[in-house]
Amino acid sequence: MPLFSVDLEIEIGQHEVAKAFLAAIATADVLVISMAEHNGNYSAAFKNFFDWSSRINGKVFQDKPMLLLATSPGARGGASVLEIAKIAFPRYGATVKATFSLPSFDANFDTQKGIITNGEYDIKLKSLIGSFRA
């Protein structure tokens, strides 16, 4: 997607990828969003996608229950971007039910097996997922 600007929106109209994204959200029962943290904030790619989508529907997340996730190589595990999203997303139609941060990604996740290796974090995430299933 090109970088959002009002001038570009006037020129090309609503972006088709943003329309498809909003249509997919409409069919979802629950949203699980894993946030990348860049310098303590949203990634530029996410923000751009969000900007295009929010111009079509200000309630981007369409009142869906949401689990927010983040991780990072550092000890805070993306906690900054989670806090920003947890505060901001409800203004855009999110019902943030829970957040989960996995700190020290390299020490707590096995990329070969695709699993959390720290038992405490693994249990916490599985418990959060279980609460959505209930």
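Scroll up to find the structure this text is about.
On a predicted model such as this, the values are computed, not experimentally measured, just so you know.

S.K.: Honestly, the sheet that holds strand E2 (residues 64-71) in this entry has me stumped. Any pointers?
M.R.: Paired through their backbone hydrogen bonds, the strands of a sheet run either parallel or antiparallel. Read across the sheet, three strands follow the order E1-E2-E3 without closing on themselves; strand pairing throughout is parallel. Strand pairing shows two members of the sheet lacking a second neighbour, strand E1 (31-35) and strand E3 (94-102), which therefore form its edges. Across the sheet, the mean angle separating the axes of adjacent strands is 20 degrees when strand polarity is ignored. Two strands pair when backbone bridges link them, and E1 and E2 are joined in this way by five bridges, in the parallel orientation. Counted as the bridge partner of Val32 is Leu67 from E2. Along the sheet, helix H6 (residues 119-133) makes contact with E2 and E3, crossing E3 at roughly 165 degrees.

S.K.: Would you mind going over the nonpolar core with me for this structure?
M.R.: Within soluble globular proteins, side chains that are nonpolar tend to cluster in buried spots. Judged by nonpolar contacts, the single largest core of 20 residues is most densely connected at Met35, Tyr42, Phe61, Met66, Leu68 and Phe89. Elements with a minimum of two residues in this core: helix H2 (16-27), E1, helix H3 (44-56), E2 and helix H4 (79-88). The residues contacting Met35, other than those within four sequence positions of it, are Tyr42, Phe46, Leu68, Leu69, Ala70, Val81 and Phe89. In terms of nonpolar packing, the next biggest core, distinct from the first, is built from eight residues, Leu69, Leu102, Leu125 and Leu128 among them.

S.K.: Sorry, what's going on with H4 here?
M.R.: Turning to H4, its buried residues are Val81, Leu82, Ala85 and Ala88. Viewed end-on, H4 has its buried residues packed into an arc of 140 degrees, placing them on one side of the element.

S.K.: Please clarify how H3 should be interpreted in this entry.
M.R.: An α-helical segment advances 3.6 residues per turn. Residues three or four places apart therefore align on the same side. Its 13 residues place the ends of H3 19 Å apart at the C-alpha level, agreeing with the 18 Å of an ideal helix rising 1.5 Å per residue. If you check which residues of H3 are buried, you get Phe46, Asn48, Phe50, Asp51, Trp52, Ser53 and Ser54. Buried residues in H3 make contact with helix H1 (6-12), H2 and E1.

S.K.: What is the right way to look at the packing of aromatic side chains in this model?
M.R.: Within a pair of aromatic rings, the relevant descriptors are the distance that separates the centres and the angle that separates the planes. Scanning the model with the defined rule gives eleven aromatic pairs in all. Summarising the aromatic geometry, the rings of Phe21 and Phe49 are spaced 4.7 Å apart at their centres and angled 75 degrees between planes, so their arrangement reads as edge-to-face. Pair noted here: Phe21 is in helix H2 and Phe49 is in helix H3, with a separation of 28 residues, a long-range link. Classification of Phe21 as partly exposed rests on a relative accessible area of 27%. When the ring of Phe46 is compared with that of Phe89, the centres are 6.0 Å apart and the planes differ by 35 degrees; the resulting orientation is tilted.

Conventions we followed
- Residues numbered from 1 in each chain as written.
- Predicted model: local features only at pLDDT ≥ 70, side-chain atom pairs only at ≥ 80, totals over all residues.
- Heavy atoms only, no water.
- Pairing = 2+ DSSP bridges.
- Helix = DSSP H or I, 4+ residues; strand = E, 2+ residues; numbered from the N terminus.
- Axes fitted to C-alpha atoms, helices over the stretch in contact; angles between N-to-C directions.
- Contact = heavy atoms within 4.5 Å.
- Core = buried A, V, L, I, M, F, W, Y, C linked by side-chain atoms within 4.5 Å.
- Buried < 20%, exposed > 50% of the residue type's maximum accessible area, 1.4 Å probe, protein only.
- Arc of directions from axis to C-beta.
- Expected span 1.5 Å × (residues − 1).
- Phe/Tyr/Trp six-rings, centres within 6.5 Å; stacked < 30°, edge-to-face > 60°.

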